[in-house]
Amino acid sequence: MEFIRAYSPAALKRPIHVRYDDIIPQHSNFYFMGLYKSRSPSQSRSTSRASGSNHHQHQCRPSTNTSLVSFSDSCPIHSSCCYSYRNVTIHGPGSKSLSSSTNTLYSDKKSHFVPLCQLDDLQAIRAAEFHPRGRLYAIGSNSKSLRICEYPKSYELKGLSDHEPEAPVTILKKQNHHRGSIYCIGWNPSGDLIATGSNDKSVRMMRFDADKCDFIGPEVELSMHDGTVRDVCFMEDLTNGSNLLISAGAGDCRIYVTDCETATPFHSLSGHKGPILTMHTWGGAMFVTGSTDRTTRFWDLRSRDCVNMVAAPPTAGSVHGTSVTAVCVDPSGRLLVSGHEDSNVMLYDIRGNRMIQTIRPHLSEVRSIRFSPKAYYMLTGGYDNKVVLTDLQGDLTQPVPSIVVAEHKDKVIQARWHPTDFTFISTSADRSAVLWAMAS
């Protein structure tokens, strides 16, 4: 068995030696879009992907599972499409290439995701987040309303084909939940707390009973911000196990830490010189923020300070980068991915403190980034109206394949993975929130 060098989100500190079949097990979802096929031991995957002069026709592996699948099962994404690498384009039947400077696959079939449920509103829908158990999802819109919707039953997810999406079952709806647009939603890890942020400069927090599907007790309003609250996330206080709410946005550009038991903000963090647009935590005491000041900053609640700063990659024709509009860190805490106003997406080795590469899966500003639960794939949404799936397995220093899996009629604002199923939800300025599932 041949050994090759590879990088992965779980092993970015240094190259590791792994067996070919360890990276691409033939029974798993590693056969992304048919990009990989069985080869003899003498054929190295790193060679075929690194060399821009070698044109390989990749055959799609037929799926053995035509129903909805989880991340631990096979991933039947296989369609005739155009594999557009840097300076290399390989065409398949029925394909069209929109850009030869990107490594995104543009397919007439948009892979095999279909819109299962679609919620329409009178105004743009900005925020969506799945409940940690996966049975519900929350949606917030510019119309100030907050909805809790039911995730479809497992039997409803089987045998899907192209069809008109149905309206989701709305279990709860709070009209005028905020005095302004709802920009962000967050659940705590146990799913018994939900928080929302708005351009009315407030954060609202409520207790939630997932079994009864109802809010519990009074609503708490936090008014420490003096600008639009752009993002919220929950963390655990490592000293006593209680919930902490982290919120950030415009105005004074400060990050506030709130004790959820007492609903009292007890600490604020400063450092950014522009509005904070995005935030993400991956467990423990660490979280990351992105700002219009063109920096990504890492924060540690134990030291209550910024512990690292990463500048945005330079945009074409300039020595400076652009605003950081989306950030995400893989579950291992080793790989940062940041999206930018100039459509750049940067892959960054956190432990090695170095940029791995930049890619352009979108043709316009990138507004949303999320890893799949096992970090095999990355889901991005952009102002080019598209949602793109990128394969992060293998050598991340080489071109990474991507495919457009969903499209809206207007800008995509957020895209979020389901906690276990191979489904996602996207929100858009076209006034819709769509739940996408794999077609059979």
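The structure this text deals with has already been given above.
Residues numbered from 1 in each chain as written. Predicted model: local features only at pLDDT ≥ 70, side-chain atom pairs only at ≥ 80, totals over all residues. Heavy atoms only, no water.

Caption draft 1: Examining the pairing of strand β12 (residues 193-198) more closely. With six of six residues buried, β12 lies mostly within the body of the structure. A two-sided burial pattern is seen for β12, the buried positions comprising L193, A195 and G197 on one face and I194, T196 and S198 on the other. Of the pairings in the sheet, the one linking strand β11 (residues 182-187) to β12 comprises five bridges and is antiparallel in character. Opposite G186, over in β12, you have A195 as the bridge partner. Hairpin connection, β11 to β12: the antiparallel pair is bridged by five residues, and G191 has positive phi, about 80°. Looking at chain direction, β12 and strand β13 (residues 203-209) are connected through five bridges and run antiparallel. (Buried < 20%, exposed > 50% of the residue type's maximum accessible area, 1.4 Å probe, protein only. Helix = DSSP H or I, 4+ residues; strand = E, 2+ residues; numbered from the N terminus. Pairing = 2+ DSSP bridges.)

Caption draft 2: Region of the structure containing the packing of aromatic side chains. Applying the stated criterion across every chain, the model contains 12 aromatic pairs. Aromatic side chains W187 and F208 sit 5.2 Å apart centroid to centroid with 70° between the ring planes, which places their arrangement in the edge-to-face category. Highlighted residues: W187 in strand β11 and F208 in strand β13, separated in sequence by 21 residues. Of the residues examined, W187 reaches a relative accessible area of 10% and is grouped as buried. Residue F208 is classed as buried on the basis of its relative accessible area of 3%. In this structure an aromatic cluster arises from ring pairing among F113, Y377, W417, F422, F424 and W436. Here the guanidinium or amino end of R126 rests over the ring plane of Y183, the centre of that ring lying 4.0 Å away. Taking the ring centre of Y383 as reference, the NZ or CZ of K411 above it sits at 4.5 Å. (Phe/Tyr/Trp six-rings, centres within 6.5 Å; stacked < 30°, edge-to-face > 60°. Lys NZ or Arg CZ within 6 Å of the ring centre and 35° of its normal.)

Caption draft 3: Summary view of unusual backbone geometry. Backbone geometry at A263 places phi at a positive 55°, although glycine is not the residue there. By the secondary structure assignment, A263 is in the loop between β17 (255-259) and β18 (264-269). For R431, which is not glycine, the phi torsion reads 75° and is therefore positive. Structurally, R431 is set in the loop between β32 (424-428) and β33 (432-438). For R431, a relative accessible area of 43% puts it in the partly exposed group.

Caption draft 4: How the structure looks around the pattern of salt bridges. What the rule picks out here adds up to 13 salt bridges. In this structure, the salt-bridge partner of R147 is D121, at a minimum N-O distance of 2.9 Å. Here R147 is found in strand β9 (residues 146-150), whereas its partner D121 is found in the loop between β6 (113-120) and β7 (125-130), with 26 residues between them in sequence. According to the relative accessible area criterion, R147 is buried, its value standing at 7%. Its salt-bridge partner being R416, residue E129 comes within 3.2 Å of it at the nearest N-O pair. Note that E129 is positioned in strand β7 and R416 in strand β31 (residues 412-417), a separation of 287 residues in sequence. Pair check on accessibility: E129 and R416 agree, each one buried. By sharing partners, the salt bridges in this structure join K174, R179, R204, E219 and E221 into a single network. (Salt bridge = Lys/Arg side-chain N within 4 Å of Asp/Glu carboxyl O.)

That is the geometry; function is a separate question.
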